[in-house]
Amino acid sequence: MTDLHIADSYRLGAHTVRRLGYGAMQLAGPGVFGPPRDRKAAVAVLREAIAQGVNHVDTSDIYGPHVTNELIREALHPYREGLVIATKVGAVRGPSGSWEPALSATDIERAVHDNLRNLGLDVLDVVNLRAMFSAHGPAEGSIEAPLTALAELQRRGLIRHIGLSNVTAAQIAEGRRLTEIVCVQNHYNLTHRNDDAVIDELAALRIAYVPFYPLGGFSPLQSSTLDTVAARLGATPMQVALAWLLRRSPNVLLIPGTSSLAHLAENLASASIVLSAGDLTTLNGLAEHS
């Protein structure tokens, strides 16, 4: 059994979660749209993740749509004590799978109720508001209206904690003026480090940072360097990339996703990889080529 305690734990609102969690997005069909190719395999992966000690699962009713939440309910309900399920709102899927903004108060309330229903919950542990001002990443724009709507649902007892996703530093500051923010979920990995200053600021505030797309976007040169470090450690390149993220800052919570039991085991094993000072120097240098 993988010892996820090696990866330590961190606060996520009122909860304490292990820093290596699981992201359910890949359990949906191709393009995160439609049902999985193998529903029984998807259920098995979810159950194995929890059996191995994962207590932080990231999902959204946008995935599928509805697919991953329905799978989580089928596989894990009634939920184990201490399991934290984080979801997100702010978008809907078009008929052919497009991602469209859905940030009105009506949209936000509908999304929260969809997540509650499909997960089989009376209250959601964490809801991340995803900013949708650009299809290519964070872009400036006020999040006051949708965040105020989300905070009202929290006041009504439907949500315990609120986070932000796909946001700029200015939007994080705006969000913190409006309500308590317990986590920020943005694109960040070994080579894509635009959020370095954000991570450090959030760490000082004891706010969790949850990187998405943690294993993608490597150039051939970066991949070659990563391969060399991984070979020396007897690990896979992706395990080394996850291990580096765990070392980056104690407030980083990982949610790598997979629909494969073998890949799940690989991801969880990254918690036990020890990177030397030399390894860190080599890996830190990869950002210079991004």
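Residues numbered from 1 in each chain as written. Predicted model: local features only at pLDDT ≥ 70, side-chain atom pairs only at ≥ 80, totals over all residues. Heavy atoms only, no water.

1. Things to note about the pairing of strand β5 (residues 84–89)
- Summarising burial for β5: six of the six residues are buried, a large majority.
- Because side chains alternate across β5, one face comprises the buried residues Val84, Ala86 and Lys88, and the other comprises Ile85, Thr87 and Val89, equally buried.
- Relative to β5, strand β4 (residues 56–58) is paired through three bridges, and the arrangement is parallel. Bridging from a neighbouring strand, Val57 pairs with Ile85 of β5.
- In this view, the connection linking β4 to its parallel neighbour β5 by way of helix α2 (residues 67–76) has right-handed handedness.
- Sheet topology note: the β5/strand β8 (residues 124–130) ladder contains four bridges and is parallel. Residue pairing in the sheet places Ala86 in a bridge with Val126 of β8. (Buried < 20%, exposed > 50% of the residue type's maximum accessible area, 1.4 Å probe, protein only. Helix = DSSP H or I, 4+ residues; strand = E, 2+ residues; numbered from the N terminus. Pairing = 2+ DSSP bridges. Right-handed = clockwise from strand over helix to strand, strands pointing away.)

2. Quick notes on the packing of aromatic side chains
- The full count for this structure, using the stated rule, is three aromatic pairs.
- Ring geometry for Tyr63 versus Trp99: centroids 6.4 Å apart, planes at 70°, classification edge-to-face. In this pair, Tyr63 is assigned in the loop between β4 and α2 and Trp99 in strand β7 (residues 99–101), connecting sequence segments 36 residues apart.
- A residue is classified by how much of its surface remains accessible, and Tyr63, at 7% relative accessible area, is buried.
- Relative accessible area serves as the criterion here: at 38%, Trp99 is assigned to the partly exposed category.
- Pairwise contacts between aromatic rings join Tyr188, Tyr209 and Trp244 into one cluster.
- Above the ring of Trp99, the side-chain terminus of Arg93 is found at 3.7 Å from the ring centroid. (Phe/Tyr/Trp six-rings, centres within 6.5 Å; stacked < 30°, edge-to-face > 60°. Lys NZ or Arg CZ within 6 Å of the ring centre and 35° of its normal.)

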